[in-house]
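Each chain is listed here by its residues.
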Amino acid sequence: MTVEALDPAQERLRRWRLVLGGDAADGTGCVLGGRDAAMDGALAALYGKGDRQGQQSGRDRSAGLGASAPSVARWLGDIRTYFPSSVVQVMQRDAIDRLGLATLLLEPEMLEAVEADVHLVGTLLSLNKAMPETTKETARAVVRKVVEDLEKRLATRTRATLTGALDRSARVNRPRHQDIDWNRTIAANLKHYLPEYRTIVPERLIGYGRASQSVKKEVILCIDQSGSMAASVVYASVFGAVLASMRSINTRLVVFDTAVVDLTDQLDDPVDVLFGTQLGGGTDINRALAYCQSQITRPADTVVVLISDLYEGGIRNEMLKRVAAMKASGVQFVTLLALSDEGTPAYDREHAAALAALGAPAFACTPDLFPEVMAAAIEKRPIPVPEG
């Protein structure tokens, strides 16, 4: 009987059987065959072993994947056959976390079998120093595919949003008619209201300047490369490359752990940026911000974006003093606890509260929201902090 022929009640039993794994206690009484049995085997290989501690091995759902590359490669092929891409990515991530398969990714044939996503890139970057030369080219190809997909998704909207923000931030007082900012013009001329004519006679016009090819804004992305920030490093590197491609924005990208590395000269290729990072290690935010501060030449036209979970291993008070000094000089300072689709991570709440008290609220940001956050910072508007 095909899946399509099942009535709703049978389909529910089938799905529960796949979830529960088929031990006698699952209660479904549903027997799988054909493709369903193969799907169950793929699920069991990952999620069955060790889930029922204390049971006899004969009743355990699975014998697991084993540690050999061929068996894992076959399993990766199976799950790509039976499940959609989004599910495959979750299962791969779970296999790496639950079964310790990260080291198998150092083998080229394994990399060719996996479904590439942001999390896989993060894992590969964490293994970068241990990666043999025979694997590095394959790894770069995997990373490049993910980066190119992200650029296609994010670049056009980011450039359009920020170009508009740059135009609006360049206010002029003798605008052409089509460039008049009517909201600001009316607000600035309310005292010239003529009651008898029920109108305003503006003495001063305020308009949008058109962004020229000269640099209008300086942006410094300061990225924590501790292991928990892997997805954020990937997204920030892609955004850094997109910003660097805009002539009106001078972009600098700095990564740090206990040391600080300036990767600005590699921004034309985000893959080079990513392989220039070293995920893991300690954190010294104060040292990183000291370097960023030393690179600022036009504070009023500079946006500093700190991407970190704020677990500071350096000097906390000095870090806060630097942020306060930058803001006092006119720098727009933005703190992102994460730049990813994963939601808010674990973070240092005391440091986040201290930054908020300085007028630099810390929050997690999705890649889709990031262009709006940057546009607000460029225009010196309130930052759109997500609720929750």
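Note that this is a predicted model, so its numbers are computed, not measured.

Draft legend 1. Just the sheet that holds strand β9 (residues 332–339), in detail. As summarised here, the arrangement of the 6 strands in space is β7-β6-β5-β8-β9-β10, forming an open sheet in which the pairing is mixed. Both edges of this open sheet fall to β7 (260–262) and β10 (362–365), since each of them pairs with a single strand only. Ignoring strand direction, the axes of neighbouring strands in this sheet form an average angle of 25 degrees. Across the face of the sheet, helix α11 (residues 285–294) comes into contact with β5 (217–224), β6 (249–256), β7, β8 (302–307) and β9 while running at roughly 155 degrees to β6.

Draft legend 2. How the structure looks around the confidence of the model for the chain. On average, the chain scores 82 in pLDDT, and the residues at 70 or more come to 84%. Within the chain, the element-level pLDDT minimum falls on strand β1 (residues 171–172), averaging 53, and the maximum on β8, averaging 97. Below pLDDT 50 for its whole length, residues 50–63 participates in 23 contacts with residues either more than four positions away or in separate chains.

Draft legend 3. Geometry of the pairing of β9. Extensive coverage of β9 is indicated by the burial of 7 of its 8 residues. Two elements, β8 and β9, share 5 bridges in a ladder whose sense is parallel. Bridge assignment links Ile307 to a residue of β9, and that residue is Leu336. Assessed by its sense of winding, the connection that carries the chain from β8 through helix α12 (residues 316–328) to β9 is right-handed. In the sheet, β9 pairs with β10 via 4 bridges, with the strands oriented parallel. By the bridge assignment for β10, Leu339 is matched with Cys365. For the handedness criterion, the β-α-β arrangement of β9, helix α13 (residues 349–357) and β10 is classed as right-handed.

Draft legend 4. Layout of the environment of Val88. By the secondary structure assignment, Val88 is in helix α4 (residues 85–99). Here Val88 falls in the buried class, since its relative accessible area comes to 1%. On a C-alpha basis, the gap between Val88 and Leu76 in space is 8.3 Å, while along the polypeptide they are 12 residues apart. Apart from residues lying up to four places away in sequence, Val88 is in contact with Ile79, Arg80, Phe83 and Glu115.

Draft legend 5. Seen up close, a nonpolar patch on the surface. Among the surface-exposed residues, Trp182, Ile186 and Leu190 lie close enough to one another that they form a single nonpolar patch of about 310 Å² accessible area. If you trace the backbone, Leu190 turns up in the loop between α8 (182–188) and β2 (193–194).

Thresholds, definitions, all that
Residues numbered from 1 in each chain as written. Predicted model: local features only at pLDDT ≥ 70, side-chain atom pairs only at ≥ 80, totals over all residues. Heavy atoms only, no water. Pairing = 2+ DSSP bridges. Helix = DSSP H or I, 4+ residues; strand = E, 2+ residues; numbered from the N terminus. Axes fitted to C-alpha atoms, helices over the stretch in contact; angles between N-to-C directions. Contact = heavy atoms within 4.5 Å. pLDDT = per-residue confidence, 0-100. Buried < 20%, exposed > 50% of the residue type's maximum accessible area, 1.4 Å probe, protein only. Right-handed = clockwise from strand over helix to strand, strands pointing away. Patch = residues over 30% accessible without salt bridge, like charges linked within 9 Å, V, L, I, M, F, W, Y side chains within 5 Å. Areas by Shrake-Rupley, 256 points an atom, 1.4 Å probe, with all protein chains shown as cover. Salt bridge = Lys/Arg side-chain N within 4 Å of Asp/Glu carboxyl O.

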